[in-house]
Each structure stands twice: as C-alpha cells, then as structure tokens.
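Next come the chains, spelled out residue by residue.
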Amino acid sequence: MTPLLQVKGLTKRYGARIGCTAVNFDLFPGEVMGIVGESGSGKSTLLNCLAGHLEADAGSVVFDTRAEGPRDLRAMSEPERRMLSRTDWAFVHQNPRDGLRMGVSAGGNVGERLMAVGARHYGGIRAQALDWLDRVEIDADRIDDRPTAFSGGMQQRLQIARNLVTGPRLVFMDEPTGGLDVSVQARLLDLLRGLVREMGLSAVIVTHDLAVVRLLAHRLMVMKSGQVVEAGLTDQVLDDPQHGYTQLLVSSVLQV
Amino acid sequence: MSDYNFAYLDEQTKRMIRRAILKALAVPGYQVPFASREMPMPYGWGTGGVQVSAACLVPEDRLKVIDQGADDTTNAVSIRRFFEKTAGVATTTKTTEATLIQTRHRIPEEPLTRDQILVYQVPIPEPLRFLEPRETETRKMHSLEEYGLVHVKLYEDIARHGQIATSYAYPVKVEGRYVMDPSPIPKFDNPKLESEAIQLFGAGREQRIYALPPYCHVVSLDFEDHPFVASKADHACDLCGSNSTYLDEVIVDDAGGRMFVCSDTDYCEGRRAAGHLGRLAAPLGQENAA
Amino acid sequence: MIEITALSKNFVLHNQGGAVIPVMRDAALAVARGECVALTGASGAGKSTLMRMVYGNYLANAGVIRVGDLDVAQAAPRQIIALRRDTLGYVSQFLRVVPRVPTLDVVAEPLLALGHERAAALARARDLLGRLNIPQRLWSLSPTTFSGGEQQRVNIARGFAHTYPALLLDEPTASLDAANRELVLTLIEEAKARGAAILGIFHDEAARARVCDRVVDVSGFTPGMIN
C-alpha cells in the first residue's frame, strides 16, 4: 500500500526562529493522525506547511494524487496545489468564520466546492447540499439561512459539510473542537469519527486536547519547540509516554 | 479648433492607452491596467470611456454618445460637446451613421457593423469584486480560472428569489477563458456582446481597460436547469410599438399611470419615422399637439 | 496464537530525576488456539502491565510478543491498529467511548470498523445486548451514564461483537451478579470452542477454575526491588 502522504525532513523557519524542523512521517489511507503540543510548539506551522498554506524551507511532502500517483507538493505548480485543496483535500479551521463565507447561505457554502469543480445543475447542487446538511445534522429548512444565524457548533458542522462535499481523501483539522461547549464537542467528535470511517478519510488533526486525540486519532505525534519528540500509537503514547515532555503533558491533564 | 491637442489627451498618453487597448484585444476579457489620467470631469462620469474614445478617435470619425440609450441626457450631451470642442469631430445621434459610439449602460438596438467601435464606460471592472474584496485574490482567481464563486452568486439568487435575479452587469465568460463584467448593461443586451464591431471597456477610476474583439465568443453564465434569459419588460413600446427592444418604464402621472418606451431613443425615432405607432403615440412631429 | 518470550519493561520517570522502575523481567508464556490462560499474582505484580504490552498499549523494552504472525514488540503503529481491528480483542475494566453515542453503536463499532454492513452489525449488537440482559430501553442511550455492572456488560458485548482469534480479558466478571456472570462465562466458553486464544485476569477464582486451562503466575516475571 502506498502512503497517502509522505513527509520527509520538513523544516520551516521564521528568520532565526524555528517553526518546525526535520519532521518525518507517513500517513496511510484511512489513518487519522493527531499532533499535540503546547502553544508555540510548531504544530500549526506544520499543519499549514502540509496543507500548502505556508512554504516550507526544506524537506518534502509527497501526496499520492489520484491521477499521477505520488508527487512532491513543493514541486507542484500553484494551480495544481489549489486544485488539490479544492478536491482531494479539506481544511477545517478552528474558527468556522475562517472556513465559511459568512455572507452566503448554508446551501451556497456547501455548494461552492461543487461549483468550483464544474457542477452547473442548480437542482443537483441543492440536492447534494441537502444531503450533506442532513449528514452533519443540520435541518433541511436551514439551507437558505446564512451561517451568521447559526450556533458555533452548527457553524463548525457546516464547515465540515462544505469541506467534505467533494469527497476529499485527506482532511486537515486545526483544533476542530476548540471553541465549542463540551456537550457540542462530543457530538462533533462522534460525527467526525463516523465520517472518517464511512468515507475512508485520512486526517491530520492538530489539537492541544488529549481527550480529543484519544477518541479520534489512531496515531499521535508530540511536538515541542518545533520538533517531534515522540510518535506512536495514540493510546500507547498517552498511557506509556517515553519522552519527559510527553510524561509532563499527560500528567498535567486535569481529571474530571 | 481649440488650443487643446486633438481629442484633449497628449500624444504620449494616447499611445500608452492604445497599447493597453491592443493588449486587451489580444487577450479578450482580460483587464489590462493602464495609467488613467485626470480628466476634466468627475470619476463616475465616464473618465475611462472618454480616455479610450480619445485614444481611438481620428478626425474623420463621426461620434455618437449615449447614456442609458438616450442621446439627450446630461452625461451624453456633455461628452459629445467635449469631443466636438477638443477634437472637432462630427457627431450624430444615428447609430448607423456613427463610426465610434461611447455608451453608458446600453448597447444600441441596431446591430453594429465591422466599421464601428463601441466604447463602454465602466464603473467597476472586476466581476468578482463583490464576492471577494481582495484584489490580490481576484487576480489569482482570474489567472487560475477559479470561477466557482461567480456561480455561488447565481446560486444565491435562485435560492433567494427562485430565479437568477441579477438583471444588469450580468457576468459572461469570454472565449472560454476570462469571466468579464460587461459593465452595467441590462442582461437583455448580453447576446449583443457577440458583435461585428470592436467593443472596448474603459474604467478610469479603477485604471483598467478590457475588450471584446469582433466575432468573439461570449457566454452568459447560468445553470443547466436555470438557463440565462435575456429578459425585458413584458410590453411593447408605447411610442413605436416595438416588441423586441429594451424598455424604460416611465411614470406619467401621480395616479399610477405609466408608459413603456424604448430606452434606445434613436431606434425608437427611426421606427416612428418609418410609420410604426405604439399604444400612446402621436404621429412624429405632433407630440406637443397631443 | 499468543507467544511471549524474554519480555522486559522499565518505566523511566523523566520528571522525577529519571528514576528507572523495572516492572517486568524475562516474561514468557504461550496461549494456543482454543485455550484460556489466566494471569495470577499479587496486586502490582504486573498482570495488567503484561496484558497492556500484549495489546500494544505499553511499549516493551526487550523480548518478543507474537500474536498471530505479528511481533507486537517490534510492530509499527499501523500494524498494531490492523491487528486490533481484526485479530486481537480486548475487554478492559473501563469503558472509554465518545459521550452521547448510543450503546447500540458502541457495540457495533468494531464490526463497522471491519467494514461489515451496518444492518448486520447492528443486528449482532442487538443480539449481544439482549443476551447480556441490557434492557432494550437503554440501547439508544450512551453507556457513559450506566451503572458499573451495565457498563461492564456493554464492554463485554463490544469485545465479543467480532469473533477475534485472540482475546484479552481484564476481570470480565467483576461487578456482575450471578446470572450475568454465568452469561459471560458462557460467552468465553463459546469463544474457546470456536478456537479463540484467551489471556485473562480473573480475580473470581471459581470463574477462573471453570474457563481457564492453565494459570501463569506473573510473580515470576517481577524484578526485584526498585533500584
């Protein structure tokens, strides 16, 4: 089996400061990988380098494209990269406002990616939008409402629907449950887990919430000061951490 | 002849504008930046169109200027006078006699010919502007042909109004490549964008020139199940009786009385001169007697 | 099916002066298909640690843990994930699930993860929950709100949903009443009968005597005093 994503020696510097350095990993189809670490540990930098939002200084990110097999994203042209990010990739932002068009109805938000890849049948676009609203548990009669009229949890679910409507294979998530109430978080986690399983998605999830990665991620990378200090099976890293920083992180979690 | 250089602008400026026009004709629908000059009229009054016209005019030209289809509105009259004064060219109100027509918000009803140039005054040249406010981003979207957002706007129209409610400045795709704003012409005029004449678009404040060369392929964007319709008011002209022209609605009293008349005044007069009469028309020349 | 040789493990506490705590030394045992082996030993002797190492939850420092064809001690995370999905089941004492997910889905999940049809997976879940006397009105509720005994039975139903060739059972009959204990023991016997290799911790001596073929005392693998 070919990895969907192969990352080798990925490094990003901000002048003299290190964003992330020498990151290596493979992500296989259907796998969910969590990246944890405190603020400033480089996890968001890494995610943005992977998703092409930031240009890395060194290393390679090889994605297994549908048409041409494995290709290095850094050697790809911008149109190709942007096409990938509209079709095979999805990016779920922590703040749904960053990932939604707030002035466009829920149906238009979900339909945008379809129209971007050439859908030109209004009825068909609307039917797909309705299907996706249903899958993320948003009532059909909200389809023409703008996201400004939605609660935070609904906005986040709408963002997910908007991202997944083109059937991507790789989803990047930046603190997907970050700004949500605990009760809403649980519902979202269950939804994400179901979608990952049903669609065979691969995902890279950045979070500082260890409970979220335990439930969602198969594998876990722990970052500190731009470096990956530990990686492995999620429950193994959390239950039998090998690195001092991970031990500190795990033992610092408040128990309910 | 006045003390102005021919057609007001100096020769170097006209050369610069002509280069932009040539580039625009070579890449149909692409917005070419140009160094727009201060003109002796406020932005919004056609400074872009005037500069393009000035760069195209030659002494033998016969100029027609229309505003919303009419030759006798303030904007049209003052621009016509401007070029009479600064270029000394002949002017006309007859579409068929004109060699260069500057227009705001309409395309004449009479089909244009290969000997004519149509110059549009453009307020906002960027068709994606209201969807994406960042210029850097809209340029990238044009260069990468990322036009899904235009359809999002049309989708929103249908979702809210049951049909595509955009009725003017209706976006078109030119030669299968660039999405273009045809300036605020009614969508009724969109089919006329495929023409024998050269069509030039000038935006003075935004410093952009774009163009449609003759016989260029122009498609109004739509959905398969909501096709583009070049709609107009469902009436005949009350003066000339035409069923196939774009109409203005005119309120005639304060009791709800109204009439529909051709927005293209020259075309309407021509029909009446040929003997066509509408519902409310007196024979030509006797309007005041009625 | 499960074969452990020369297995050792230390805990290193980096934040407490790098203290090294050896917890397992030269562990060895084997469980054949259709066999049930119980781990015994005093509390703290390392029964749970050994179980967790077999499941890949704790890292081994040395030795071999062969489950089927895979050496868990050396395996890559994705190999362990695959092993857990189709070969190695685990019934722990604790139920760890996404809050608000209905019990029926919790039990069906291992089957859905294997790609079974949703209807078939749910039918199997209903069957197991019915057998384990979880009242039907609770099936649509999240098990996080259940009593200890109910949670334990949901855990067992989940562990037995798929017919794993190898099973790890951590006190499966704890906090169960006599009738439910009997049901669980029957499930274990059925699993043995179909050829599953079972490694378990049973504090319930009568249960251990009934289902286990052998007993391995882990005290033999416990290193001497803490250095």
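Residues numbered from 1 in each chain as written. Chains lettered and ligands numbered in written order. Predicted model: local features only at pLDDT ≥ 70, side-chain atom pairs only at ≥ 80, totals over all residues. Heavy atoms only, no water.

### Considerations on the overall build of chain A
Secondary structure summary: chain A contains 10 helices and 10 strands in total. Seen along its three principal axes, the alpha-carbon backbone of chain A occupies a region of about 55 × 45 × 35 Å. Across the 256 residues in chain A, those meeting the buried criterion constitute 57%. A sequence separation of at least 24 residues applies to 66% of the contacts in chain A between residues at least 6 apart. For chain A, the accessible surface area stands at approximately 10,100 Å², while carbon and sulfur atoms represent 48% of it. Counting 28 positive and 30 negative side-chain charges, chain A places the averaged centre of each group 5 Å from the other. (Helix = DSSP H or I, 4+ residues; strand = E, 2+ residues; numbered from the N terminus. Buried < 20%, exposed > 50% of the residue type's maximum accessible area, 1.4 Å probe, protein only. Contact = heavy atoms within 4.5 Å. Areas by Shrake-Rupley, 256 points an atom, 1.4 Å probe, with all protein chains shown as cover. Lys, Arg positive; Asp, Glu negative; His and termini not counted. Charge placed at Lys NZ, Arg CZ, Asp CG, Glu CD.)

### Describing the layout of surface pockets
Counted as a void, the second largest pocket has a volume near 1,200 Å³. Every residue lining the second largest pocket is counted, 36 residues in all, and those nearest its centre are A:H53, A:R82, A:S85, A:R101 and B:E137. Elements supplying a minimum of two residues to the lining of the second largest pocket: α2 (78-87), β6 (89-92), α3 (96-99), α4 (106-116) and α6 (152-164) of chain A together with α4 (135-143) and α5 (148-161) of chain B. Counting residues per element, the lining of the second largest pocket draws most heavily on α2(A), which supplies five residues. (1 Å grid on protein atoms, 1.4 Å probe; cavity = no way out; pocket = protein on both sides within 12 Å on 5 of 7 lines; lining within 4 Å. Points joined across faces, edges and corners; volume = space filled by probe spheres on them.)

### Remarks on the pairing of strand β9 (residues 219-224) of chain A
Residue and element names in this part refer to chain A. Buried residues dominate β9, accounting for five of its six residues. Two strands pair when backbone bridges link them, and strand β3 (residues 32-36) and β9 are joined in this way by four bridges, in the parallel orientation. For M33, the partnering residue across the bridge sits in β9 and is R219. Here β9 hands over to strand β10 (residues 227-233) after two residues, with S225 in that stretch at a positive phi of 50°. (Pairing = 2+ DSSP bridges.)

### Details of the packing of aromatic side chains
For any two aromatic rings, the description comes down to two numbers: the centre-to-centre distance and the angle of the planes. Following the criterion strictly, the structure yields 15 aromatic pairs over all chains and no others. On the numbers, 4.8 Å between centres and 5° between planes, the contact of B:F201 with B:Y210 is stacked. No difference in accessibility class separates B:F201 from B:Y210, as the two residues are buried. Ring centres of C:F11 and C:Y58 lie 5.5 Å apart, and the angle between their planes is 85°; this geometry places the pair in the edge-to-face category. Of this pair, C:F11 sits in strand β1 (residues 2-13) while C:Y58 sits in the loop between α1 (47-55) and β4 (62-67), and the two are 47 residues apart along the sequence. Clustering of aromatic rings is evident, with ring pairs tying together A:F63, A:W89, A:F91 and A:F172. In this structure, C:R84 is placed above the aromatic ring of C:Y55, and the distance from its NZ or CZ to the ring centre is 4.1 Å. (Phe/Tyr/Trp six-rings, centres within 6.5 Å; stacked < 30°, edge-to-face > 60°. Lys NZ or Arg CZ within 6 Å of the ring centre and 35° of its normal.)

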